[in-house]
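Coordinate inspection notes
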Amino acid sequence: METTKKTFKQWFKDLNKKKILSIALNTIIWLFVAFSLLITILVFSAQGSKDGVPSIFGKSLITISTDSMKPVYKAGDLVLMEKIKDADIDDLKPGDIITFHAPIDINGDGVVGDINTHRIEEVNGNRFVTKGDNNLIKDNEGDNPYTIHASHIIGICTEDGKIS
């Protein structure tokens, strides 16, 4: 009895076109289902969160809106942020990069609580003075000064946790 080995080209020709289409369609459907499940988890996570930022296992992805943190982060960067626990607030120090709800309307849309990411410059008890690396003045100086209260802080970011 003679055995023959099929080449890939022969094997591919032998496959039914309907079977190839079925495999491709099933793959697309399963990718869509997985993506939909991930989005659903993120939506419910955001609704159950006190700060409205979705997270999975204490990690969140945020998008940087401006160049105020250049060169570390630039507008459009996707940054991995670790949600901060109340017990960890006391560990924050100057130099840490935090994401917070600003206590004023910083983007001019009439809504207070814009999400912002800046570096801590000073710690005064449970209040924090922040500054964007690319800004000339601290956030508590200038036309719209503000300081961050511990309750405004959403999470802490690292300089290497970004997707440009």
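This text goes with the structure placed above it.
Structural notes, computed from the coordinates. Every value quoted in this text rests on a predicted model; they were computed, and no experiment measured them.

Here we look at the overall build of the chain
Counting its secondary structure elements, the chain contains 2 helices and 7 strands. The linear arrangement of helices and strands in the chain, starting from the amino end, is α-α-β-β-β-β-β-β-β. Relative to its length of 164 residues, the chain is extended, with a C-alpha radius of gyration of 24 Å against a globular reference of 15 Å. For the C-alpha atoms alone, the extent of the chain along its principal axes is close to 85 × 35 × 35 Å. For the chain, the proportion of its 164 residues judged to be buried stands at 28%. If you take every contact in the chain between residues at least 6 apart in sequence, the share linking residues at least 24 apart comes to 51%.

Quick word on the pairing of strand S5 (residues 127–131)
Regular strands have side chains that alternate between both faces of the sheet. When you tally the buried positions in S5, you get 4 out of 5 residues, the bulk of the element. Sheet topology places strand S4 (residues 115–124) next to S5; 5 bridges connect them, and they run antiparallel. Among the inter-strand pairings, Val123 is bridged to a residue of S5, identified as Phe128. Turn length for the S4-S5 hairpin, with the two strands adjacent in sequence and antiparallel, is 2 residues, and the turn residue Gly125 shows positive phi of about 70°. Note: S5 against strand S6 (residues 148–149), 2 bridges, orientation antiparallel. The residue bridging Phe128 from the neighbouring strand is Ile148, located in S6.

Here we look at the nonpolar core
Counting residues in hydrophobic clusters, the biggest one holds 12 residues: Ile84, Ile89, Leu92, Ile98, Phe100, Ala102, Ile120, Phe128, Tyr146, Ile148, Ala150 and Ile153. Those residues in contact with Ile84 that lie beyond four places of it in its chain are Ile89, Leu92, Ile153, Ile154 and Gly155. Formed by 11 residues, the second largest nonpolar core is a distinct cluster that contains Ile62, Val72, Met81 and Ile97.

Focus on the sheet that holds S5
The 7 strands are arranged S1-S2-S7-S3-S4-S5-S6 in an open sheet whose pairing can be described as antiparallel. Each edge of the sheet is formed by a strand with only one pairing partner; in this case those strands are strand S1 (59–63) and S6.

Examining unusual backbone geometry
In this structure, the amide linkage connecting Lys70 to the following residue, Pro71, adopts the cis form with an omega of 10°. Secondary-structure assignment places Pro71 in the loop between S1 and strand S2 (78–83).

Observations regarding the pairing of strand S7 (residues 153–163)
Bridge analysis of S2 against S7 gives 5 bridges, and the strand direction is antiparallel. By the bridge assignment, Met81 is partnered in S7 with Cys157.

With respect to the pattern of salt bridges
Where charged atoms from two side chains of opposite charge come close, those side chains can pair. Evaluated as defined, the whole model comprises 5 salt bridges. Between Lys59 and Glu82 there is a salt bridge; the shortest N-O distance is 3.1 Å. With Lys59 in strand S1 and Glu82 in strand S2, the pair connects residues that are 23 residues apart, well separated along the chain. Residue classification places Glu82 among the partly exposed positions, given a relative accessible area of 36%. A salt bridge links Asp133 to Arg119, with the nearest nitrogen and oxygen atoms 2.8 Å apart. With Asp133 in the loop between S5 and S6 and Arg119 in strand S4, this residue pair connects regions lying 14 residues apart in the sequence.

Examining the packing of aromatic side chains
What characterises a pair of aromatic rings is the spacing of the ring centres plus the angle enclosed by the ring planes. Enumeration according to the criterion identifies 1 aromatic pair in this entry. With 6.3 Å between their ring centres and 55° between their planes, Phe100 and Tyr146 make a pair best called tilted. You can see Phe100 sitting in strand S3 (residues 97–101) and its partner Tyr146 sitting in the loop between S5 and S6, a full 46 residues away along the chain. With respect to burial, Phe100 and Tyr146 carry one shared label: buried.

Criteria and thresholds
- Throughout, residues of each chain are indexed from 1 in the direction in which the sequence is written.
- Owing to the predicted nature of the model, reporting of local features is limited to residues with pLDDT of at least 70; listing and counting of side-chain atom pairs is limited to 80 or more, with chain, interface and lining totals taken over all residues.
- In computing side-chain properties, one takes all heavy atoms of the structure into account and sets aside hydrogens as well as water.
- Put simply, DSSP H or I for four residues or longer makes a helix, DSSP E for two residues or longer makes a strand, and each gets a number counted from the N terminus.
- This radius of gyration counts C-alpha atoms alone. The globule rule is 2.2 Å times how many residues there are, raised to the power 0.38.
- A 1.4 Å probe rolled over the protein chains alone gives each residue an accessible area, and that area as a share of the maximum for its type sets the label: buried under 20%, exposed over 50%, partly exposed in between.
- Two residues qualify as a contact provided that any one of their heavy atoms is within 4.5 Å of a heavy atom in the partner residue.
- When DSSP locates at least two bridges between a pair of strands, those strands are taken to pair.
- Grouping buried Ala, Val, Leu, Ile, Met, Phe, Trp, Tyr and Cys residues that are joined through side-chain atoms within 4.5 Å yields what is termed a nonpolar core.
- Here, a salt bridge means any side-chain nitrogen of Lys or Arg that lies within 4 Å of a carboxyl oxygen of Asp or Glu.
- Centres within 6.5 Å make a pair out of two Phe, Tyr or Trp rings, where for Trp the six-membered ring is used; the pair is then stacked when the planes are under 30 degrees apart, edge-to-face when over 60, and tilted otherwise.

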